[in-house]
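Listed below, chain by chain, are the residues.
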Amino acid sequence: MPLRQSTNQQSGNNIVSAPFIASGQSISGVMRHVIYALCPAAVVAFYCFGWGILTNLVIACAGALLWESLMLYLRNRPITSYVTDNSALVTAILLGLALPPMAPWWLLLTGTFFAIAVAKQLYGGLGYNALNPAMAGYAVLLISFPREMSAWLAPLALPVADLGFFETVAWVIFNDLPNDVTFDTFTSATPLDYLRTEISRGVSFSEVRVSPVVGAIAGKGVEWINLAVLLGGLWLCYKKLISWHIPVTVLAGLGVLSGAFHFYAPERFADPGFHLFSGATMLCAFFIATDPVTAPVTPLGKIIYGFLIGFLTYIIRTWGGYPDAVAFAVLLMNFTAPLLDQYTQPRIYGAGQRKGGARNG
Amino acid sequence: MIKRILKKTLWQKPLFLKRQLKKAKQLQGGIKLQGFKSLSNATPVQTLPVPPQLIIPLKQHIGEAAKPIVNVGSQVYKGQIIAEPNGYISSPVHASSSGVVAAIEARPIPHASHIRETCIVIHTDGKDQWHPSVQSMPKPLALSAEDLRRRIREAGIAGLGGAVFPSAVKLKPTSEIGTLIINGVECEPYITCDDVLMRYHADAIIQGALLLARIVRPRKIVVAIEDNKPQACQSITNAINRFKAAGVTAANTIHAAQVPEIFPAGGEKQLIKVLTGKEVPSGSLPYELGIVCLNVGTTAAIYDALYLGQPLVSRIMTVTGEGLDAPGNYRVSLGTPIHYVLAHAGFARQQNAEVIMGGPMMGVAIADHAAPVVKATNCLLIKNTRQIRQPAASMPCIRCGQCATVCPIRLLPQQLYWHARSKAFEKLANYHIDDCIECGCCQVVCPAKLPLVHYFRFAKSEIKARGRERKKADVSRLRNEARCVRLEKIRIEQEERKARRKAIRKQVKPPDTNPDQSMPVSSNASSSEGVIPEAQTEESPPLVKHEDQAKTMVR
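Residues numbered from 1 in each chain as written. Chains lettered and ligands numbered in written order. Predicted model: local features only at pLDDT ≥ 70, side-chain atom pairs only at ≥ 80, totals over all residues. Heavy atoms only, no water.

1. What about the overall build of chain B?
In plain terms, the rule: Strands here mean DSSP runs of E at least two residues long; helices mean DSSP runs of H or I at least four residues long; both are numbered from the N terminus. Throughout, exposure labels follow a simple rule: accessible area from a 1.4 Å probe, protein chains only, divided by the maximum for the residue type, with under 20% read as buried, over 50% as exposed, and the rest as partly exposed. Contacts: residue pairs with any heavy atoms within 4.5 Å of one another. Here the accessible surface of atoms and residues is derived via Shrake-Rupley with a 1.4 Å probe, and residues count as covered only by protein chains that are part of the display.
Tallying secondary structure elements over chain B gives 15 helices and 19 strands in all. Looking at chain B as a whole, 51% of its 555 residues are labelled buried. Expressed as a percentage of contacts within chain B between residues at least 6 apart in sequence, the contacts between residues at least 24 apart total 73%. Taken as a whole, chain B presents about 25,400 Å² of accessible surface, with 54% of it coming from carbon and sulfur.

This is the structure we're talking about:
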């Protein structure tokens, strides 16, 4: 164990120099607040999808903590202080909410393995990962297991078969269903998926709009989850744990582009409301794109980053190969973050406008 | 309690313009800290007795250390110059009381790295007798600006806000001065010496400001006070009104301005931004904007120096903290050992109490309580280590950007930290590390509890050291090149000389008739002329030239 401590790169901070006061903030506290902010979404999702959400979250959290501890052990890092920073839990909860409810256990474990062990720990652990861990895990699953990843539960009253807790667990662990139920009876296309297929078949958006899958603004159930995420996100903004730049610009980017296309051809393109409250839009805007480690830090950088995520999300949703596009949009933009940081340094105090700009290059 | 200390950051609450402050400009960044000012600002200034021994460092100001002009054993009087300035940016040092010089030696000084510096140690005689040269002056306002400036320099006055930059240098009129700012902001928690000075000695400040106005001739004078000091503001306003009523026309240009309570609004550049909306260009001084900024304590010291003729031999300082019986403000003779001050303020040295010189944000921890009070000592803060946050085990940076939000310079501390850790000094320069004022805001809000300021100090000193090294290397490279050229020249000269000599010898040889007599002599002569001088030319003249070269390079 002494070896483990001495290899801790952060040790040796017993320096007595100013400032002599510190705020009570801590990384685990910040992460804990993010988890609190995700609670409304989890509750609404539970209401919409039932026990499947709970199994997702529990298995994802267990998996994430397992991989995190294992990797910390292998990397000779102090396990307790890093596992208790809650960052792995945030990743796990985001992944658990983003994956189809009632996802089989191996899917969750594979996803969390890629997210935590590969995307995060292999790149140096907390603070050093270039890509958003949750989205990296999600993208890998989406490419590797398309069938499982598109098998979404039908929300709310839509399912024909309502599974209880034990039946859900039996399905998740043993891939076992009650005799009278088949898998297809309780799954349905997600609203975004439905929109894609219908539009590509030539059905107009106004017809899609009145279908039973669609609720007041967007997909039934999904819109409520998005609203709950929005609520949690606004609370995070209020608590100053995230700045407004990224959420506002992600939503604006997506809203502006979808609005423009909808305005041009209302029957061929969905309206902004549908896009903003479908899929993982809100989760992306407030919780995924705002992941500080992988996002730019300068205000201007954040604004560019957010807009581009919004644009990319719309482009991939509309013309790409997948119904939702948040994961790819975020991952693509993650690569640009260091560059954005370098070229969008704020003008420092006392630097001439032009002079500062020139020196930044 | 920590949560209470950090209440809100500036950007959460837009500043409201005060009536007196028409052009309040927002200072970006900064944090709102709990002040703890009431611990020490309730009582007037008390004068601390002169200690039996004074330890007066030769360097209490920014710039070159003063040169001692007294010897061990000399009798000195209060206010007598005992060390004179050494260079333009320097300041004289005076005896703070009468007595005998006991030693001139290295003693611990209050410094972050616990170093020792040359100090003049005086054993006081208890008479506290002023030097005969200390004479009060009836009408200093009648003196010329140059005269006033000289007297300020001779009085050893340096910025008493903590930076201790020689004031006379600041007052050099290089461009037209529009605004003279008298800085009474005092934004660091706990410190109240400027507060009580303004409360109880407002007249001295105003008179000092009028003297300064005589030197720099500003269009207006602003006394800036943080809005958590209403009494100080009232007292200054009353004093201004008194002068106006007494018919002092210059007093019409003075007004008091409240600035919002935010750390570090009292920093010179930050205050200028808050008051005028202008930003001091990076790497230059405020006078380029037509602004001169001096601390209220300095202004009062200038009053003392010019009206009373008393040089800077004592200062008002705050002694405060939770571990004290009698916190408050004291007028302390410069050179008084810190333990003497602490003992008077009722500090029983506890096991785990720490003494900080300055405030909790930018102060330095004092390791040796025998270190003296210097011109920069505006506060001694005693806190139990339990209350002072020791840097806990820090976590990796998650780039949350809180530091960038609170940085008053709008730097990106997280990037600076990243590059400082990897010692990428060129990148650090690109990210303007030299503009960091080490205010500590970033470190206070950091959720990863990283010792950011420590990293920045390290990086800055390293960059400086490297700059010096590079200069040195350049000098030695130039020297070496010059040496090679010289040697080459000498070699060529010698070869020519040899060739010439050979030629001469050849010419001489044919008529050589008596080789047995002349040869040994000539060979000796040739060796003494040829070999030994050769060695000399190769060794000694280059050395002399070396020194010449070094001198010109240094110059």
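2. A word on the packing of helix α16 (residues 299-319) of chain A against helix α17 (residues 326-343) of chain A
Residues and elements named next belong to chain A. Quick reminder of the rule: What counts as an axis is a line fitted to C-alpha atoms, over the stretch in contact for a helix, and the angles between N-to-C directions run from 0 to 180 degrees. With respect to orientation, any angle under 35 degrees is reported as roughly parallel, any angle over 145 as roughly antiparallel, any angle of 65 to 115 as roughly perpendicular, and every other angle as oblique. By convention, the crossing between two helices is left-handed when the near helix turns anticlockwise from the far helix through less than a right angle, and right-handed when the turn is clockwise. Under the convention adopted here, Pro, Cys and the residues Ala, Val, Leu, Ile, Met, Phe, Trp and Tyr are nonpolar, Asp, Glu, Lys and Arg are charged, and Gly plus all remaining residues are polar.
Packing of α16 against α17 leaves a shortest axis separation of 9 Å and a crossing angle of 150 degrees. On the basis of the axis angle, α16 is roughly antiparallel to α17. In this structure, α16 crosses over α17, and the sense of that crossing is right-handed. Together, Gly301, Ile304, Tyr305, Leu308, Ile309, Leu312, Thr313, Ile316 and Arg317 of α16 and Val326, Phe328, Ala329, Val330, Leu332, Met333, Asn334, Thr336 and Leu340 of α17 make up the contact between the two elements. Residues belonging to the contact of α16 with α17 are distributed by class as follows: 13 nonpolar, four polar and one charged.

3. Quick look at the packing of helix α6 (residues 105-120) of chain A against helix α7 (residues 133-144) of chain A
Residues and elements named next belong to chain A. It is at 8 Å that the axes of α6 and α7 come closest, and there the two elements cross at 130 degrees. Judged by the angle between their axes, α6 and α7 are oblique. Two packed elements cross with a definite hand, and for α6 against α7 that hand is right-handed. On the side of α6, the interface is formed by Leu107, Thr110, Gly111, Phe114, Ala115, Ala119 and Lys120, while α7 contributes Pro133, Ala134, Ala136, Gly137, Val140 and Leu141. Of the residues in the contact of α6 with α7, the class split is nine nonpolar, three polar and one charged.

4. Here we look at the pairing of strand β14 (residues 291-295) of chain B
Residue and element names in this part refer to chain B. The line we're drawing: Two strands are counted as paired when DSSP detects at least two bridges linking them.
Among the five residues of β14, five are classified as buried, and the element is accordingly described as predominantly covered. Across the two faces of β14 the burial is the same, with Ile291, Cys293 and Asn295 and Val292 and Leu294 all buried. Two strands pair when backbone bridges link them, and strand β11 (residues 179-184) and β14 are joined in this way by five bridges, in the parallel orientation. Each residue of the ladder has a partner; that of Leu180, found in β14, is Val292.

5. A few points about the packing of aromatic side chains
All names here are of chain A. Test applied: Ring pairs are drawn from Phe, Tyr and Trp, using the six-membered ring of Trp, whenever the two centres fall within 6.5 Å, and their geometry is named by plane angle: stacked under 30 degrees, edge-to-face over 60, tilted for the rest.
Under the defined criterion, the tally for this structure stands at 19 aromatic pairs over all chains. Each ring, one from Trp67 and one from Phe113, has its centre 4.9 Å from the other, and the planes form 75 degrees; the classification is edge-to-face. One end of the pair, Trp67, is in helix α3 (residues 51-74); the other, Phe113, is in helix α6, with 46 residues separating them in the sequence. Given a relative accessible area of 17%, Trp67 falls into the buried group. For the pair Tyr314 and Trp319, a centre-to-centre distance of 6.0 Å together with 85 degrees between the ring planes defines the contact as edge-to-face. With relative accessibility at 1%, the residue Tyr314 sits in the buried group. Cluster of aromatic residues (ring-pair linked, three or more members): Phe46, Trp51, Phe165 and Phe166.

6. Description of the pattern of salt bridges
Here the idea is simple: oppositely charged side chains can pair when their charged atoms come close. All names here are of chain B. The criterion, for reference: Salt bridge criterion: a side-chain nitrogen from Lys or Arg within 4 Å of a carboxyl oxygen from Asp or Glu.
Summed over all chains, the structure comprises 24 salt bridges over all chains. Across the salt bridge formed by Glu105 and Arg107, the nearest N and O atoms sit 2.7 Å from each other. Two residues, Arg199 and Asp195, come together in a salt bridge whose shortest N-O distance is 3.3 Å. Note that Arg199 and Asp195 are positioned in helix α4 (residues 193-200) at a spacing of four residues, about one turn of the helix. On the basis of relative accessible area, Arg199 is assigned to the buried category, the value being 18%.

7. Here's the deal with the state of the cysteines
Residues and elements named next belong to chain B. Rules: Note on terminology: disulfide denotes any pair of cysteine sulfur atoms within 2.5 Å.
Tallying each qualifying case throughout the model produces zero disulfides over all chains. Not engaged in a disulfide, the cysteine Cys193 finds its nearest cysteine sulfur in Cys379; these two sulfurs lie 7.3 Å apart. Judged by relative accessible area, which is 0%, Cys379 ranks as buried.

8. Some remarks on the confidence of the model for chain A
Residue and element names in this part refer to chain A. Note the following rule: As a per-residue measure, pLDDT tells how confident the predictor is, with possible values from 0 to 100.
Overall, the predicted model of chain A reaches an average pLDDT of 85, with 91% of residues at or above 70. Between residues 1-15, whose pLDDT stays under 50, and residues either more than four places distant or in other chains, the model counts 26 contacts. Scored below 50 in pLDDT, residues 353-361 makes eight contacts in the model with residues more than four places away or belonging to other chains.

9. Brief notes about unusual backbone geometry
Excluding glycine, a negative phi dihedral is what most residues carry, and trans is how most peptide bonds are arranged. All names here are of chain B. Here the amide bond leading from Phe263 into Pro264 is cis, since omega sits at 0 degrees, within 30 degrees of zero. For Pro264, the position within the fold is in the loop between β13 (254-259) and α7 (268-276). Look at Arg217: it is not a glycine, yet its phi comes out positive at around 50 degrees.

10. Thoughts on the sheet that holds strand β6 (residues 75-76) of chain B
Residue and element names in this part refer to chain B. Pairing is antiparallel across the open sheet formed by four strands, whose spatial order is β4-β10-β9-β6. The sheet is open, and its two borders are formed by β4 (53-57) and β6, each paired with just one other strand. Relative to strand β9 (residues 99-108), β6 runs antiparallel, the two being bridged by two bridges. Residue pairing for β9: Gln75 is matched across the bridge by Val100.

11. Some points on the side chain of Glu68 of chain A
By the element assignment, Glu68 of chain A lies in helix α3. Beyond its immediate stretch of four places on either side in the chain, Glu68 of chain A contacts Tyr82, Val83, Asp85, Ser87, Ala88, Ile116, Lys120 and Gln121 of chain A.

12. Quick look at the interface of chain B and chain A
Many structure descriptions define interface size as the accessible area lost when the parts assemble. Inclusion rule: The term polar contact refers here to a pair of N or O atoms within 3.5 Å; inside protein, the definition further demands a hydrogen-donor-capable atom paired with an acceptor-capable atom, and it admits residues adjacent in sequence only when both atoms are side-chain atoms.
Contact residues are listed per partner, giving 62 residues for chain B and 43 residues for chain A. Here chain B and chain A share two salt bridges between them. Glu279 of chain B is the partner of Arg347 of chain A in a salt bridge, and the nearest nitrogen-oxygen pair spans 3.2 Å. Counting every contact that joins chain B to chain A gives 15 residue pairs in polar contact (both at pLDDT 80 or more). Elements with a contribution of two residues or more to the side of chain B that touches chain A: α1 (2-5), α7, β17 (353-357), β18 (364-366), α11 (413-421), α13 (441-445) and α14 (452-508) of chain B. Counting residues per element, the side of chain B that touches chain A draws most heavily on α11 of chain B, which supplies five residues. Within the side of chain B that touches chain A, the residues separate by chemical class into 35 nonpolar, 15 polar and 12 charged.

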